[in-house]
Amino acid sequence: MKRDIKKPLIGVTCFSTSECDWVQNAPGQYVDAVFRDYSRGVESAGGIPVLVPVHEHLETARSVVSRLDGLLLTGGPDVCPRFFGEEPTVGVREMDVERDRMELELARQAEKRGMPILGICRGIQLMAVAFGGTIFQDIFSQVPGCLEHCQKATKSTNTHRVNVNRGTKLFEILKTQTAWVNSHHHQAVKAAPDGFIISATSGDGIVEAIEKTDYPFLMGVQWHAEGTWMREEASRKIFIEFVKTAGVGMADRR
């Protein structure tokens, strides 16, 4: 089958969950999956989504990156504090160390290749850790007076504003200094990595977006853009710019 060279291949990382085996008393089996909104967002923007399961060996992750044109780091459980040099504090929740290890490798290898990378929710936190930044383990206990960032509304509902900094790629994409977003997280970027800038914050000072300067597209957003791109222009623009950038020079990467 001839490969479609007109559309970029976008790797979409999966989360792992445990499901029952075929019979009642058998041990559970891991399932790698992703919410369809992510892959449909990539598809609607002109890309071909390819699901990336949690690999056992880092060499497999490296091989996967060599075949992609872009990488989408999706939401999920907490990033394990050991990967940014801390021990767990009260408030940290479920972790998947195997997934952390794989996604850190994916992100670093993709960056080495100059590949466009988009991180969403957990993805922005993973991105920060991968390149030397730090994150809050739990903003509700570590950031006094923060907003309610675990909204009691559906993912398709925007509940708080973010302030977008002028002169950033995010501002160039959205063309506005204020945007309404959804919110479902309790970890957040504390310090952006060297070479990155903070491109958006919420009213309580929580980092809502980071991006790497002098790079085609390496951006993380704290809100769930995959939940609102269908009916909200700001999130749709982010997917479109990400996939469009992945399509530039993809023939050279292949």
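Note: the structure precedes this text.
Residues numbered from 1 in each chain as written. Predicted model: local features only at pLDDT ≥ 70, side-chain atom pairs only at ≥ 80, totals over all residues. Heavy atoms only, no water.

Regarding the sheet that holds strand S8 (residues 160-164)
Here's step 1: The sheet built from nine strands is open, its strands ordered S4-S1-S5-S6-S13-S12-S11-S8-S9 with mixed pairing. The open sheet has two free edges, formed respectively by strand S4 (48-52) and strand S9 (178-181), since each of these has just one partner strand. If you compare each strand with its neighbour and ignore which way they point, the axes differ by 20° on average.
Here's step 2: Two elements, S8 and strand S11 (residues 196-202), share three bridges in a ladder whose sense is antiparallel. (Pairing = 2+ DSSP bridges. Helix = DSSP H or I, 4+ residues; strand = E, 2+ residues; numbered from the N terminus. Axes fitted to C-alpha atoms, helices over the stretch in contact; angles between N-to-C directions.)

Notes on the environment of Ser39
Here's step 1: Counting through the fold element by element, Ser39 comes out in helix H1 (residues 36-44).
Here's step 2: A C-alpha to C-alpha distance of 9.4 Å links Ser39 and Leu72, two positions 33 residues apart in sequence.

Thoughts on unusual backbone geometry
Here's step 1: Unlike most non-glycine residues, Cys121 shows phi in positive territory, near 55°.
Here's step 2: With respect to the element layout, Cys121 can be found in the loop between strand S6 (117-120) and helix H4 (122-130).
Here's step 3: Despite not being glycine, Asp214 shows a phi value in the positive range, around 55°.
Here's step 4: Relative to the elements of secondary structure, Asp214 occurs in the loop between strand S12 (207-212) and strand S13 (218-221).
Here's step 5: According to the relative accessible area criterion, Asp214 is exposed, its value standing at 81%. (Buried < 20%, exposed > 50% of the residue type's maximum accessible area, 1.4 Å probe, protein only.)

Description of helix H7 (residues 233-247)
Here's step 1: Over its 15 residues, H7 extends 21 Å from the first C-alpha to the last, a length consistent with the 21 Å expected when each residue adds 1.5 Å.
Here's step 2: Burial in H7 covers these residues: Ala234, Ser235, Ile238, Phe239, Glu241, Phe242, Val243, Thr245 and Ala246.
Here's step 3: Of the residues that open H7, the one with a side-chain oxygen 2.8 Å from the backbone nitrogen of Ala234 is Glu232. (Expected span 1.5 Å × (residues − 1). Polar contact = N/O pair within 3.5 Å; in protein donor to acceptor, adjacent residues only side chain to side chain.)

Let's talk about the side chain of Ser183
Here's step 1: Note that Ser183 resides in the loop between S9 and strand S10 (188-191).
Here's step 2: Residue classification places Ser183 among the buried residues on the basis of a relative accessible area of 2%.
Here's step 3: Once residues lying within four places of it in the same chain are set aside, the contact partners of Ser183 are His149, Cys150, Gln151, Thr159 and His160. (Contact = heavy atoms within 4.5 Å.)

Considering the pairing of S6
Working note: regular strand, side chains alternate between the two faces of the sheet.
Here's step 1: Of the two faces of S6, the one lined by Ile117 and Gly119 and the one lined by Leu118 and Ile120 are each fully buried.
Here's step 2: As paired strands, strand S5 (residues 70-73) and S6 are joined by three bridges and run parallel to one another. Note on S6: the bridge partner recorded for Leu72 is Leu118.
Here's step 3: With four bridges joining them, S6 and S13 adopt parallel strand pairing. Bridge assignment links Gly119 to a residue of S13, and that residue is Gly220.

Observations regarding the packing of aromatic side chains
Where two aromatic rings form a pair, the distance of their centres and the angle of their planes describe that pair.
Here's step 1: Here the structure, examined in full by the defined rule, presents three aromatic pairs.
Here's step 2: Geometrically, the ring pair formed by Phe15 and Phe35 is tilted, given 5.7 Å between the ring centres and 40° between the ring planes. Here Phe35 lies in the loop between strand S3 (29-33) and H1 and Phe15 lies in strand S2 (residues 15-19), a separation of 20 residues in the sequence.
Here's step 3: Here Phe15 falls in the partly exposed class, since its relative accessible area comes to 24%. (Phe/Tyr/Trp six-rings, centres within 6.5 Å; stacked < 30°, edge-to-face > 60°.)

Here's the deal with the layout of surface pockets
Here's step 1: When its volume is computed, the largest pocket comes out at roughly 570 Å³.
Here's step 2: Gly75, Gly76, Cys121, His184 and His224 are the residues nearest the centre of the largest pocket, which is lined by 24 residues in total.
Here's step 3: Across the lining of the largest pocket, the residue classes tally to seven nonpolar, 12 polar and five charged.
Here's step 4: In terms of lining residues, the second largest pocket is bounded by Ser16, Thr17, Ser18, Tyr30, Asp32, Val54, His55, Glu56, Asp96 and Glu98.
Here's step 5: Broken down by secondary-structure element, the contributors of at least two residues to the lining of the second largest pocket are S2 and S3.
Here's step 6: Counting residues per element, the lining of the second largest pocket draws most heavily on S2, which supplies three residues.
Here's step 7: Residue classes in the lining of the second largest pocket are distributed as two nonpolar, four polar and four charged. (1 Å grid on protein atoms, 1.4 Å probe; cavity = no way out; pocket = protein on both sides within 12 Å on 5 of 7 lines; lining within 4 Å. Points joined across faces, edges and corners; volume = space filled by probe spheres on them. Nonpolar A, V, L, I, M, F, W, Y, C, P; charged D, E, K, R; others polar.)

Remarks on the packing of helix H3 (residues 97-112) against H4
Here's step 1: Contact geometry of H3 with H4 gives a least axis separation of 9 Å together with a crossing angle of 70°. It follows that H3 is roughly perpendicular to H4 by the angle criterion. Two packed elements cross with a definite hand, and for H3 against H4 that hand is right-handed. Contacts from Arg99, Asp100, Glu103, Leu104, Ala107 and Arg108 of H3 reach H4 at Arg122, Leu126, Val129 and Ala130.
Here's step 2: Considering only residue class, the contact of H3 with H4 consists of five nonpolar, no polar and five charged. (Parallel < 35°, antiparallel > 145°, perpendicular 65-115°, else oblique. Left-handed = near helix turned anticlockwise from the far one by under 90°.)

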